[in-house]
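Report on the structure
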Amino acid sequence: MPTLNLSTNVPVDAVVASDILKDCTKAVAKIIGKPESYVMISINGGVPMAFAGSEEPTAYGEVISIGGLGPSVNGKLSAALAEILETKLSVDSSRFYIKFYDVQLCNQHMRRVSVFFQVG
């Protein structure tokens, strides 16, 4: 159940948000190797943010996944997401910071039940 949470100080209208959600869903699913039906993406635009003391366009992301992450995957995913943000929001890749969390199955819940019990 990969999840990508994005925050940016760039205002994001509904059309751009929809494009970003679609593009990020495809990138996350393909690179991590999970079906798109398992991927969740959120984007929060217009957030007051500064990076390196500047309020120029910037973004912060967190990827949470049950497996599928590692140095090679993280690098590919970071590059793909940075490209999407640069294309759609003009956020330079040097102003995009992302954290990866590889979590245990028992720490993910859906439908009020541990995912372990959903898929196990």
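Nothing here was measured: the structure is a model prediction, and the numbers come from that model.

Attention now moves to the nonpolar core. Formed by 24 residues in total, the largest nonpolar core has its most connected members in L4, C24, V63, L81 and F96. Broken down by secondary-structure element, the contributors of at least two residues to this core are β1 (3-8), α1 (14-32), β3 (59-65), α2 (71-89) and β4 (96-102). For this core, the leading source of residues is α2, giving seven residues. Setting aside chain neighbours within four positions, we find C24 in contact with L4, L6, I41, L81 and I84.

This brings us to the packing of aromatic side chains. Overall, the coordinates contain one aromatic pair when judged by the stated rule. Measuring from ring centre to ring centre gives 5.9 Å for Y60 and Y97, while their planes differ by 15 degrees; the resulting arrangement is stacked. Of the two residues, Y60 sits in strand β3 while Y97 sits in strand β4, which places them 37 residues apart along the sequence. Judged by its relative accessible area of 22%, Y60 falls in the partly exposed class.

This part covers the pairing of β4. For β3 and β4, the ladder comprises seven bridges, and the chain directions are parallel. Its bridge partner being in β4, G61 is matched across the sheet by I98. In this fold, β3 hands off to α2, which returns the chain to β4; that crossover is right-handed.

Before going further, it helps to spend a moment on the pattern of salt bridges. Taken as a whole and judged by the stated rule, the model has one salt bridge. Here D23 and K88 are joined by a salt bridge, their closest N and O atoms 3.6 Å apart. In this pair, D23 sits in helix α1 while K88 sits in helix α2, placing the two residues 65 residues apart along the sequence. For D23, a relative accessible area of 30% puts it in the partly exposed group.

To continue, consider the sheet that holds β4. On the basis of which strands lie adjacent, the open sheet formed by four strands has the order β2-β1-β3-β4 and mixed pairing. At either end of the open sheet lies a strand with only one pairing partner, and these are β2 (40-44) and β4. With strand direction ignored, the average angle separating the axes of adjacent strands in the sheet is 10 degrees. Note: β1 against β3, six bridges, orientation antiparallel. Bridge assignment links N5 to a residue of β3, and that residue is E62.

Procedures and definitions
Residues numbered from 1 in each chain as written. Predicted model: local features only at pLDDT ≥ 70, side-chain atom pairs only at ≥ 80, totals over all residues. Heavy atoms only, no water. Core = buried A, V, L, I, M, F, W, Y, C linked by side-chain atoms within 4.5 Å. Buried < 20%, exposed > 50% of the residue type's maximum accessible area, 1.4 Å probe, protein only. Helix = DSSP H or I, 4+ residues; strand = E, 2+ residues; numbered from the N terminus. Contact = heavy atoms within 4.5 Å. Phe/Tyr/Trp six-rings, centres within 6.5 Å; stacked < 30°, edge-to-face > 60°. Pairing = 2+ DSSP bridges. Right-handed = clockwise from strand over helix to strand, strands pointing away. Salt bridge = Lys/Arg side-chain N within 4 Å of Asp/Glu carboxyl O. Axes fitted to C-alpha atoms, helices over the stretch in contact; angles between N-to-C directions.

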